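# Coordinate inspection notes
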Amino acid sequence: MSSITTSDFKNGIFITFKDQPHQIVEFQRVNPGKGSAFVRTRLKSLTTGKVQEFTYKSGESVEELPVETQEMQYLYPEGDDYVFMNNQTFDQVTVKGSLIGDFVKFLKPNDTYQILMHEEEAVGIRLPKKVRLLVTEATEGAKGNTMSGATKTVTVETGAIISVPLFIKEGELIAIDPETGSYVERA
Amino acid sequence: MKTWQTLRNHPELWDRYFVREHVLRAVRSFFTTEQFHEVETPLLLKSPAAESYLDVFETTLLDRDRKKTPAYLSTSPELALKKLIVAGIGNCYSITKSFRNMETDSHTHNPEFTILEWYRVGATYLSIMDDCKQLLLSINHALGHGDTLTYQGVTFDIAGPWEKITMKEAFQTWAGIDFDEFLDDTKARQIAKEKGYAVEDSNTWEELYDQIFLNEVEPHLGKSKPTIIYEFPGCLAALSKKKANDTRYAERFEWYIGGLELGDCYTELTDWKEQQDRFDFELTEIKRLGKTTYDYDHDFIDALKVGMPDTSGIAVGLDRLIMLCADTTHIADTLFFPSTELFEK
């Protein structure tokens, strides 16, 4: 473990809060009415998946948890959890759905993902910049609709529903930004 | 994508940005009806108000021979308005830009923002509480929303009674702290430690108070009703008057709706000596904190020496009021040119 201060905060890093491992989901600086600076964080508990807010004094020290990334293949869902396998060791790990968040709708069996590990425990997934998925269901775009920015919704192979430009057709591969869940480009 | 580009592609977003012009018009109409003078105050100053918790923008004024004089961007129009009150203008207000450095990385701050300040001569902060309600009601009516306002899924009855709670009651209710006890520095350290906060010797009493306030009190303010939290600890009086019957507390309030802190009001301090002492203290703090140093506004102390009538006034972050009316959680959603975009890395 290493000590960091609030100025080292980044979204997605792992820290100890009240003796429990947490991930910083989001943080922002706040200045109360008339006073010095503070940092308000949203912290996700790695044990319960619950998110709570805590406000640190600017400059306060916290313990950052060491996390390593392992390449793993996604196998199958198990209740609210998801099972992955390390491609080298063939070890299987279960990742809580609450720690994967909205990204679960883009998980594709047999694809490889970066799993974040802390002391043998899976604590999250590193989101790729883009995910490439096949459009499995799409309606024809309304004819004559040439307004720029016009969109329709399509279903991709994992079942997720995405808003795309009218020219996207069934059977095409598209790239999606997993952070926002929005269409990026034809892939 | 820049906001102008987004607007070009999504014309349906214009209405959210137009809330600003409706609010500005409604504010001016309210104060016209109330017979307040609207005044302009300088943005470029020789001496900003001495406030150690703020970081000022520093610049340089050049004369025709390029001789340099340090100059600063205004952090609020307060001192200028008070000088006009001493001069005898009576009730007045200003809608102006203010600048506070280091206020980045926040959904509710922009380093350049629009501030609304109004001052009622002969009034205490109790009249300003009523002004807040009447002002918000008239803005809401102008926006065609009647007596209720919906922010982030919660509907607030603006015309109904507002929640009014003292700082002492709030600490007791939500943090389980006896605030009279907490006012003592040693006790405050002990209480904060027992609650599990990291307490260093270098931490000031104010930091401990603020951290508990932010974690345990503020999340409850303005949840279902507009809330006024009043009677601040005396050491946080800033430019407000202490309570006559209990100088441990100051006649200051803040106003919250839906988690947004909308304004900060004082029964104004009129005692020049006490004001000068507070400025001196603030300047020492500014030095201790290693921030940009400047001299305080001696002209303001001179004005107080002449005598300021009893007055109460408030600073409202107009951008926050616009966020509230536009039902958005990000200040950038109400600005055509937010600083985050202008200074994008």
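Before going into details, it helps to say that this report is about the structure given with it. (Residues numbered from 1 in each chain as written. Chains lettered and ligands numbered in written order. Predicted model: local features only at pLDDT ≥ 70, side-chain atom pairs only at ≥ 80, totals over all residues. Heavy atoms only, no water.)

What follows covers the overall build of chain B. Across its full length, chain B holds 12 helices and 14 strands. Taking the principal axes of the C-alpha coordinates as reference, chain B spans close to 60 × 55 × 45 Å. When each of the 345 residues of chain B is scored for burial, the buried share is 52%. Taking as baseline every contact in chain B between residues at least 6 positions apart, the subset at least 24 positions apart corresponds to 67%. Per element, the accessible surface of chain B, about 16100 Å² overall, is 50% carbon and sulfur. (Helix = DSSP H or I, 4+ residues; strand = E, 2+ residues; numbered from the N terminus. Buried < 20%, exposed > 50% of the residue type's maximum accessible area, 1.4 Å probe, protein only. Contact = heavy atoms within 4.5 Å. Areas by Shrake-Rupley, 256 points an atom, 1.4 Å probe, with all protein chains shown as cover.)

Attention shifts here to the interface of chain A and chain B. Contact with chain A, which involves 19 residues of that partner, is made by 27 residues of chain B. The interface formed by chain A and chain B contains two salt bridges. Between A:R40 and B:E218 there is a salt bridge, with its nearest N and O atoms 2.8 Å apart. At the boundary of chain A and chain B, one finds nine residue pairs in polar contact (both at pLDDT 80 or more). For the side of chain A that touches chain B, the secondary-structure elements that each account for two or more residues are β3 (20-30), β4 (38-45) and β5 (51-57) of chain A. Sorting elements by how many residues they give to the side of chain A that touches chain B places β5(A) first, with five residues. (Salt bridge = Lys/Arg side-chain N within 4 Å of Asp/Glu carboxyl O. Polar contact = N/O pair within 3.5 Å; in protein donor to acceptor, adjacent residues only side chain to side chain.)

Residues and elements named next belong to chain A. Taken in spatial order, the five strands make up an open sheet running β9-β8-β7-β10-β11, and their pairing is antiparallel. Whereas interior strands pair on both sides, the edge strands pair on one side only; in this sheet they are β9 (92-96) and β11 (121-126). When the angles between neighbouring strand axes are averaged without regard to direction, this sheet yields 50°. In this structure, strand β7 (residues 68-78) lies alongside strand β8 (residues 81-86), joined through six bridges in antiparallel fashion. Its bridge partner being in β8, E78 is matched across the sheet by D81. (Pairing = 2+ DSSP bridges. Axes fitted to C-alpha atoms, helices over the stretch in contact; angles between N-to-C directions.)

Once that is clear, we can look at the sheet that holds strand β4 (residues 68-73) of chain B. The antiparallel open sheet is built from three strands, whose spatial order is β2-β4-β3 (chain B). At either end of the open sheet lies a strand with only one pairing partner, and these are β2 (44-45) and β3 (58-62) of chain B.

All names here are of chain B. Where helix α5 (residues 167-175) is concerned, the buried positions are M167, A170, F171 and A175. Looking down the long axis of α5, one finds its buried residues gathered within 100° of arc, a one-sided arrangement. On the buried face of α5, the contacting elements are β9 (163-166), α6 (179-182), α8 (205-217) and β10 (227-233). In the segment just after α5, G176 is the residue with positive phi, at about 65°. (Arc of directions from axis to C-beta.)

Attention now goes to unusual backbone geometry. For A:E120, which is not a glycine, the phi torsion comes out positive at approximately 70°. Checked against the element boundaries, A:E120 lands in the loop between β10 (112-118) and β11. Among the residues examined, A:E120 registers a relative accessible area of 75% and is labelled exposed. Within the chain, B:Q35 stands out as a residue other than glycine whose phi angle is a positive 60°. Residue placement: B:Q35 occurs in the loop between α2 (14-33) and β1 (37-38).

A few words now on a nonpolar patch on the surface. A grouping of B:W4, B:W14, B:F336, B:F337, B:L342 and B:F343 is seen on the molecular surface, where their side chains present a nonpolar patch of about 720 Å² in accessible area. Mapping B:F343 onto the fold places it in the segment after α12 (339-342). (Patch = residues over 30% accessible without salt bridge, like charges linked within 9 Å, V, L, I, M, F, W, Y side chains within 5 Å.)

So, about the pattern of salt bridges. Tallied over the entire structure, the rule returns 34 salt bridges over all chains. The closest approach of N and O atoms between A:R186 and A:E172, which form a salt bridge, is 2.6 Å. Pair noted here: A:R186 is in strand β16 (residues 182-186) and A:E172 is in the loop between β14 (161-165) and β15 (173-177), with a separation of 14 residues, a long-range link. Residue B:K82 is joined to B:E268 by a salt bridge in which the shortest nitrogen-to-oxygen separation is 2.6 Å.

All names here are of chain A. Along the polypeptide, V93 turns up in strand β9. C-alpha of V93 to C-alpha of L75: the two residues are 18 residues apart in sequence and 10.0 Å apart in space. Sequence-distant contacts of V93, defined by excluding residues within four places in its chain, comprise M72, Y82, V83, F84, M117 and A122.

Next up on the list: α8(B). Residue and element names in this part refer to chain B. Between its first and last C-alpha, α8 extends 17 Å over 13 residues, near the 18 Å set by a 1.5 Å rise per residue. Most of α8 sits inside the fold, with 12 of its 13 residues counted as buried. Looking only at α8, the buried set comprises W205, E207, L208, Y209, D210, Q211, I212, F213, L214, N215, E216 and V217. (Expected span 1.5 Å × (residues − 1).)

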